[in-house]
Amino acid sequence: MSMQFPKIPKKVNIAGFVNTRVLRDDKKRQVFAKYEVQRQALRYAVRNTSLPARTRVQAQLELAESHSYTRSTTIKNRCVASGTARSIFRDFKLNRYQFRLQALAGELPGVRKASW
Amino acid sequence: MFSYTSRSLFGVSKHLKVSVPFRALSTPSQPTPEQNNIPSQDPTETSTPPAPAHAASTSSAASTPADAAPAPAPVAPIEAEKYSAPGVKEWSERLGAFDEENRLPRSVQAIYLRPLRRKAEHGLPVCNLQLRSYSVRNVEFFADFAIRAAYYLNLPVSGPVPLPRITERWTVPRSNFVHKKSQENFERITLRRLIQIKDGNPRSVQAWLAFLRKHAFYGVGMKANVWEHDSLGMIAPFFCIASTIAILTSFP
Amino acid sequence: MAQSRIWDLVKTQCRIFSLNYNPDRLRLGNKILRQRLRGPTLASWYPKQTVSFRQLQNSYKQFGLTTFDEAEDDREEAIQVAKMRGKGRPKKKRTAAESRSAKKKK
């Protein structure tokens, strides 16, 4: 897999909070999406025991040598509103604190203070 | 939470008293009791009424009992009138003959009554429509709308079935972790309604879905599962092709 | 019933329902092929910018309408103020000689 990354565009096209870390994470996501099919094909080849051992090892090597951005493990969910990487609600893509702020401001449809 | 403007049709009942100029279209007759009692005698009639959907005004003109056939006016089988409860009669008095000179067209009157329904002959489910919203009012209104629309498209409908609510709760520290002892709870309750279409023509089911999509209501999400049935000879090994056809609008 | 008959049955079954006929239970890695692609969902985590204020301005310009971008105006004003105070950005060095002379002055 010869990796030639598209450069990070100088013009940021992310709406919302932008940060170097956010940009980097977005980059990882784009790269992962781009190479996912290729990656899956290699993974298939590695796992298919009916293929000759040589091919499988080659596929393994290629996977190991590929850039880390083609792996999904490097992707980290970040808060869309503040760029924080901790305690993110997947439903809202928000940090716990941003979630609270927005919920109190009534910006999250259906979410309200609960007491039971 | 949400501001309710006067979208509800039930809020405008005062307008009933306005004299309606449709009078000229309909022949002079009493649209009330004897005529309305007829459909209760033959329930089979519901399967083949001439579609009263097309226009409010024109259909009322045709709906006169001038032709004294046993199957009466097309808009007649209003469900509320099938029952001879005293309250229902009040309704018919108020709506049908509150002023015999001036009355609303039948299809407009139907809005004030319970939605009309077709009878399912075979009861084969064809389409499941799930409505989701965070406010009761919106789902209820839209479910009612969908059922009425289905009636006019000749689709037998069952529902709306209130499915269990989805309650999601989150607990969040009010500020930094140091003050973990002070937390706040949030919740989101999703209300669901299931509307099932039974043995309808697939094309009219599609038309119905498209109509609902066109008139999508704010704050109401829709998801439809559509089943298509084929005869055994069509494709030998496949008896039934089930497909989730359309997620109409994104879920809330 | 003969074993071979059963295998035949399984074979036809697999053909009909387009499954993999794998009587020896070899690891063929088909589970990888069955997985969904996660790329599109992952890539769409951050909301993408759709329209910028500049684009709106440009689209209204052709109708002869004037628009005001207050943030942009503030920025330009601040630059003007900085320039008047002699705190503006230094001039771009175009050639190597220029940049060298700038260094020497230090």
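A quick note: this is a predicted structure, and the numbers were derived from the prediction, not measured.

Listed per partner, the contact involves 12 residues of chain A and 12 residues of chain B. For the side of chain A that touches chain B, the secondary-structure elements that each account for two or more residues are helix H3 (96–104) and strand S3 (111–113) of chain A. Per element, the largest residue contribution to the side of chain A that touches chain B is 4 residues, and it comes from H3(A). Broken down by class, the residue content of the side of chain A that touches chain B amounts to 6 nonpolar, 2 polar and 4 charged. Relative to strand S3 (residues 183–198) of chain B, S3(A) is paired through 3 bridges, and the arrangement is antiparallel. Note on S3(B): the bridge partner recorded for A:Arg112 is B:Glu187.

Moving on: the environment of B:Ile197. Residue and element names in this part refer to chain B. Inspection of the secondary structure assignment puts Ile-197 in strand S3. With 72 residues separating them in the primary sequence, Ile-197 and Pro-125 have C-alpha atoms 5.9 Å apart. Beyond its immediate stretch of four places on either side in the chain, Ile-197 contacts Val-126, Cys-127, Ala-150, Leu-155, Val-157 and Val-205.

Here the focus is the environment of C:Arg54. Here C:Arg54 lies in helix H4 (residues 53–61). For the pair formed by C:Arg54 and C:Asp69, sequence separation is 15 residues and the distance between their alpha carbons is 8.4 Å.

Here the focus is helix H1 (residues 3–16) of chain C. Residue and element names in this part refer to chain C. Taking 1.5 Å of rise per residue, 14 residues should cover 20 Å, and H1 covers 20 Å from first to last C-alpha, within 8% of that figure. For H1, a buried count of 0 out of 14 residues is recorded, marking the element as mostly open to its surroundings. At the exit of H1 stands Ser-18, carrying a positive phi of roughly 45°.

It is worth spelling out the packing of helix H1 (residues 20–47) of chain A against helix H2 (residues 53–65) of chain A at this point. Residue and element names in this part refer to chain A. The contact between H1 and H2 brings their axes to 8 Å, and the two run at 140°. In terms of axis orientation, H1 runs oblique to H2. Between H1 and H2 lies a crossing of left-handed hand. Each of Leu-42, Arg-43, Ala-45 and Val-46 in H1 lies in contact with H2, whose residues at this interface are Thr-55, Arg-56, Ala-59, Gln-60, Glu-62 and Leu-63.

Take the confidence of the model for chain B next. The predicted coordinates ought not to be read in detail in places where the model reports low pLDDT. Residues and elements named next belong to chain B. Model confidence for chain B is summarised by a mean pLDDT of 68, while 52% of its residues fall at 70 or above. Every residue in residues 1–84 scores below 50 in pLDDT, and together they form 107 contacts with partners more than four places removed in sequence or on other chains. A low-confidence stretch, residues 236–252 (pLDDT under 50), is modelled with 34 contacts involving residues beyond four sequence positions or located in other chains. Quick note on the complex model: pTM equals 0.64, ipTM equals 0.78.

This paragraph deals with the packing of helix H6 (residues 136–152) of chain B against helix H7 (residues 202–214) of chain B. Residue and element names in this part refer to chain B. Two numbers describe how H6 lies on H7: the axes approach to 10 Å, and their chain directions differ by 140°. Crossing hand, H6 versus H7: right-handed. Only Trp-208, Phe-211 and Leu-212 of H7 make contact with H6, whose side of the interface consists of Ala-146, Ala-149 and Ala-150. Considered class by class, the residues forming the contact of H6 with H7 number 6 nonpolar, no polar and no charged.

On to the interface of chain A and chain C, then. Put simply, an interface is often sized by how much accessible area is lost when its parts join up. Taken together, the contact between chain A and chain C spans 24 residues of the former and 18 residues of the latter. Partitioning the side of chain A that touches chain C into residue classes produces 9 nonpolar, 9 polar and 6 charged.

Before going further, it helps to examine H3(A). Looking at H3(A), one finds that the buried residues are A:Gln98, A:Phe99, A:Arg100 and A:Ala103. Tucked inside the fold, the buried residues of H3(A) contact strand S1 (88–89), strand S2 (94–95) and S3 of chain A together with strand S2 (157–173) and S3 of chain B.

On to the pairing of S3(B). Sheet faces and side chains relate simply in a regular strand, where the side chains alternate between the two faces. Residues and elements named next belong to chain B. Judged from the 8 bridges that link them, strand S1 (residues 125–133) and S3 form a sheet pairing that is antiparallel. The residue bridging Leu-131 from the neighbouring strand is Arg-193, located in S3. Looking at chain direction, S2 and S3 are connected through 13 bridges and run antiparallel. When the bridges of S3 are listed, Val-172 appears paired with Glu-184.

About the thresholds
Residues numbered from 1 in each chain as written. Chains lettered and ligands numbered in written order. Predicted model: local features only at pLDDT ≥ 70, side-chain atom pairs only at ≥ 80, totals over all residues. Contact = placed C-beta atoms within 7 Å. Helix = DSSP H or I, 4+ residues; strand = E, 2+ residues; numbered from the N terminus. Nonpolar A, V, L, I, M, F, W, Y, C, P; charged D, E, K, R; others polar. Pairing = 2+ DSSP bridges. Expected span 1.5 Å × (residues − 1). Buried ≥ 20, exposed ≤ 12 C-beta atoms within 10 Å, placed from the backbone. Axes fitted to C-alpha atoms, helices over the stretch in contact; angles between N-to-C directions. Parallel < 35°, antiparallel > 145°, perpendicular 65-115°, else oblique. Left-handed = near helix turned anticlockwise from the far one by under 90°. pLDDT = per-residue confidence, 0-100.

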